[in-house]
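# Examination of the molecular architecture
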Amino acid sequence: MSYAWEKFNLAVHTLKGSGSPKDRLIGAFDTIMLLRPEDLPEEKQQAFDRFFQEMTRVAPESNEGPVCATVCDMDDDEVELMIGRLESFQHDLKPPRRLV
């Protein structure tokens, strides 16, 4: 579980960085792209799978990837919605326990 939290934590830090909201969303998604639904708690797996499908729904037309094609197709409101959804995954996951 800590692997997923760490990836989402990094994604949220990417969202807080510089660049346009679209660029930050693409960068943040890149950090979680290798996560599988099984890496999350069972109750979050279906939501993560839907989120992943929504973030890759547009087929690329050139040498861009499906995430870039999808985000470039989004309006500002949809970008903000997807940013909020990504942040909510990180919020809902428990951080790894620290060893003393």
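Cut-offs and rules
Residues numbered from 1 in each chain as written. Predicted model: local features only at pLDDT ≥ 70, side-chain atom pairs only at ≥ 80, totals over all residues. Heavy atoms only, no water. Helix = DSSP H or I, 4+ residues; strand = E, 2+ residues; numbered from the N terminus. Buried < 20%, exposed > 50% of the residue type's maximum accessible area, 1.4 Å probe, protein only. Lys, Arg positive; Asp, Glu negative; His and termini not counted. Salt bridge = Lys/Arg side-chain N within 4 Å of Asp/Glu carboxyl O. Polar contact = N/O pair within 3.5 Å; in protein donor to acceptor, adjacent residues only side chain to side chain. Contact = heavy atoms within 4.5 Å. pLDDT = per-residue confidence, 0-100. Core = buried A, V, L, I, M, F, W, Y, C linked by side-chain atoms within 4.5 Å. Phe/Tyr/Trp six-rings, centres within 6.5 Å; stacked < 30°, edge-to-face > 60°.

## Looking at the side chain of arginine 24
With respect to the element layout, arginine 24 can be found in helix 2 (residues 21-32). Among buried Asp, Glu, Lys and Arg side chains, arginine 24 stands out as unpaired, with glutamate 80 the closest opposite charge at 5.4 Å. Within the structure, arginine 24 has its side chain in polar contact with the backbone oxygen of leucine 15 (distance 2.6 Å). Contacts of arginine 24, omitting those with residues within four sequence positions, involve Thr14, Leu15, Gly17, Ser18 and Gly19.

## Here we look at the confidence of the model for the protein
Taken over all residues, the pLDDT of the protein has a mean of 92, while the share at 70 or more is 95%. Considering each helix and strand of the protein separately, the mean pLDDT is smallest for helix 1 (residues 2-15), with a value of 93, and largest for helix 2, with 97.

## Digging into the side chain of threonine 31
Relative to the helices and strands, threonine 31 resides in helix 2. Residue classification places threonine 31 among the buried residues on the basis of a relative accessible area of 17%. Looking at threonine 31, its side chain comes within polar contact range of the main-chain oxygen of alanine 28, at 2.6 Å. Leave out the neighbours within four places in its chain, and threonine 31 touches Lys7, Leu10, Ala11 and Thr14.

## Considerations on the nonpolar core
Counting 25 residues, the largest nonpolar core has Phe8, Leu25, Ile32, Phe51, Met55 and Leu86 as its most contacted members. Elements that contribute at least two residues to this core include exactly helix 1, helix 2, helix 3 (42-55), helix 4 (66-73) and helix 5 (76-92). Considering each element in turn, this core owes the most residues, 6 residues, to helix 1.

## Re the packing of aromatic side chains
Per the stated rule, a full pass over the model turns up 7 aromatic pairs. Seen in terms of ring centroids, phenylalanine 29 and phenylalanine 51 are 5.9 Å apart; in terms of plane orientation they differ by 55 degrees. Their pairing is tilted. Residue phenylalanine 29 is located in helix 2, and its partner phenylalanine 51 is located in helix 3; the two are separated by 22 residues in the primary sequence. There is no split in this pair, since phenylalanine 29 and phenylalanine 51 are both buried.

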